[in-house]
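Each chain, written out:
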Amino acid sequence: MNNIYHYPNKQRKLDASLPAPTDSADTRAIVDSVQMQRFVVEYDYPVVFTRHAFDPVNLHLLDVVRRREPGKRHRVAVFIDGGVAQALPHLAGQIQAYFSAHNEFLDLVGDIVVLKGGEECKNDPDFITNLLQILSDKAIDRHSFAIAIGGGAIMDAVGYAAAIFHRSVRHIRFPTTVLGQDDSGVGVKNAVNWLGLKNLVGTFAPPWAVINDGVFIDSLPAREKRCGMSEAVKVALIRDREFFLWLESNALALARFETVPLSYLIKRSAQIHMNQIAHGGDPFESGSARPLDYGHWVAHKLERMTNQHVLSHGEAVAIGIALDAHYSVLAGLLPAGEDMRVHQLLVTLGFKLWNDQLESRHESGRLAVLQGLREFREHLGGELTITLLSAIGKGIEVHEINDQWVTESIAWLKHLK
Ligand SMILES: NC(=O)c1ccc[n+]([C@@H]2O[C@H](COP(=O)([O-])OP(=O)(O)OC[C@H]3O[C@@H](n4cnc5c(N)ncnc54)[C@H](O)[C@@H]3O)[C@@H](O)[C@H]2O)c1
Ligand SMILES: [Zn+2]
């Protein structure tokens, strides 16, 4: 038999067998029994919405750090996304000034670390090792803090390093993109890409706190601002009709990135994501359903088929949202016409809802995006579960996708482009 793989490549000695039974009448009960272990762990973490978090008069950071041990001086390591550091050259100085002003309770450990941001940090196999080395050099322990300031990619990478270092050190997130603030930042996951696969390695690790500072959004390039809006449209569609109506009424102001409506979009979207995690019944995604991934099965595949510079996550999600809205109509789930409203909203927000890769086919003639379904299920495990729409504001789960309706939905997008 050659189908046993040994790693390392040598035969391991079998464990010694169980102790030999004695003559006692209770022997069976000793060697054959089930003890049910059970405990409940409660998680809570503040999600702050503010502006100018590093102005010394803004006490949110100080408060969240001190929330369990108010009398102590806390050791804090700070990591900044290089893109953020470049856009805000005074940020590091402001952070140092903040720590000096609150020196009684906050101890900034060593230098502020500037990291390369974007997806590259999740792709670099040495990145996590370097982060662990820095955490070790700074002697961060389970009562110290690792703060990450950056986009979703830096949140994921530093969050992962913080989660595995000493089996988890306290981690505070400062998401700096719309997507980071309205979606990923409030979540409980982190991951890096490994073996060429997206988010292959990661953990479920709720943060110590999340601080959403609107000032970071001001410095974002327009494209990045727009990208995160598709996640807000997504949660409105599956959970909150009122929010969708609000998005429709404010679409033009949002397309101009006006501060007040954009701040509301971020806050409302974050709240709906938080609600889903806390009350959706499956915060660590052990079941087959992923309601927050509406529109994402197409998006994930499109992202892989195109270069990230051509189509970012948010742009791919916008296409996936529109496609699944029309599919929901074809499946008889969503009233006809509602798909057009979804399309119109996304277009008004500035999204381009077409990419030629939608039509690319395998040699077999099958649409390449349909391969995404298989990959989507493989990532989740369990039964294929796709969220569609039964109304605007109401998601519905299905377990099968009809190739013909996907083809027709792609043709619909092409016709409208
Ligand atoms: N853990 C989760 O639950 C979850 C959920 C959704 C997405 N994600 C992950 O998030 C990542 C995408 O995150 P993203 O969309 O925030 O992009 P990103 O982190 O890749 O950042 C995009 C670019 O913007 C720069 N940047 C970030 N903030 C800036 C600012 N305020 N000013 C100027 N430049 C800034 C970054 O340096 C980077 O070059 C993906 O890796 C995705 O897998 C994770
Ligand atoms: Zn997404």
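Residues numbered from 1 in each chain as written. Chains lettered and ligands numbered in written order. Predicted model: local features only at pLDDT ≥ 70, side-chain atom pairs only at ≥ 80, totals over all residues.

Looking at this structure, I do not really get helix H17 (residues 368-380). What am I missing?
Every buried residue of H17 is accounted for by Val-369, Gly-372 and Phe-376. An end-on view of H17 places all buried positions within 40° of arc, on one side of the element. Opposite its buried face, H17 presents the exposed residues Arg-374 and Glu-378, each directed more than 90 degrees away. Considering only its buried residues, H17 is in contact with helix H14 (296-305). Once H17 ends, the next one or two residues include Gly-381, with phi positive near 75°. (Buried ≥ 20, exposed ≤ 12 C-beta atoms within 10 Å, placed from the backbone. Helix = DSSP H or I, 4+ residues; strand = E, 2+ residues; numbered from the N terminus. Arc of directions from axis to C-beta. Contact = placed C-beta atoms within 7 Å.)

Hey, could you run me through the packing of helix H10 (residues 222-239) against helix H15 (residues 313-330) in this one?
For any two helices packed against each other, one specifies the crossing angle of their axes together with the interaxial distance. One can describe the packing of H10 onto H15 by two numbers: an axis separation of 7 Å at closest approach and a directional angle of 35°. Once H10 is placed against H15, the crossing between them reads as left-handed. Of the residues in H15, those touching H10 at Arg-226, Cys-227, Gly-228, Ser-230, Glu-231, Val-233, Lys-234 and Leu-237 are His-313, Gly-314, Glu-315, Val-317, Ala-318 and Ile-321. In terms of residue class, the contact of H10 with H15 is made up of six nonpolar, four polar and four charged. (Axes fitted to C-alpha atoms, helices over the stretch in contact; angles between N-to-C directions. Left-handed = near helix turned anticlockwise from the far one by under 90°. Nonpolar A, V, L, I, M, F, W, Y, C, P; charged D, E, K, R; others polar.)

Just to check I follow, could you spell out the pairing of strand S10 (residues 386-391) for this structure?
Regular strands place side chains that alternate from one sheet face to the opposite one. For S10 and strand S11 (residues 394-398), the ladder comprises five bridges, and the chain directions are antiparallel. If you follow Ala-391 over to S11, its bridge partner there is Lys-394. Between the antiparallel neighbours S10 and S11 lie two residues, among them Gly-393 with a positive phi of about 100°. (Pairing = 2+ DSSP bridges.)

Would you take a moment to explain the packing of H14 against H17 for this structure?
As a packed pair, H14 and H17 sit with axes 8 Å apart at the nearest point and diverge in direction by 115°. The angle between the axes of H14 and H17 places the two elements in the roughly perpendicular class. At the point where H14 passes H17, the crossing takes the right-handed sense. Between H14 and H17, the residues in contact are Trp-297, Val-298, His-300, Lys-301, Leu-302 and Met-305 and Ala-368, Val-369, Gln-371, Gly-372, Leu-373, Glu-375 and Phe-376, respectively. For the contact of H14 with H17, the per-class residue count stands at eight nonpolar, three polar and two charged. (Parallel < 35°, antiparallel > 145°, perpendicular 65-115°, else oblique.)

Looking at this model, I keep getting lost on the site of ligand 1. Mind explaining?
Around ligand 1, the structure places 31 residues, and the nearest of them are Gly-83, Gly-117, Gly-151, Gly-152 and Ser-184. Of all the secondary structure elements, the ones that give two or more residues to the shell around ligand 1 are helix H3 (82-87), helix H5 (119-123), helix H7 (152-164), helix H8 (178-182), strand S7 (189-194) and H10. Looking at the shell around ligand 1, its residues break down into eight nonpolar, 16 polar and seven charged. Looking at the shell around ligand 1, you find at least three residues from each of domain 1 (47-218) and domain 2 (222-416). (Near = placed C-beta within 6 Å. Domains from an automatic or database assignment.)

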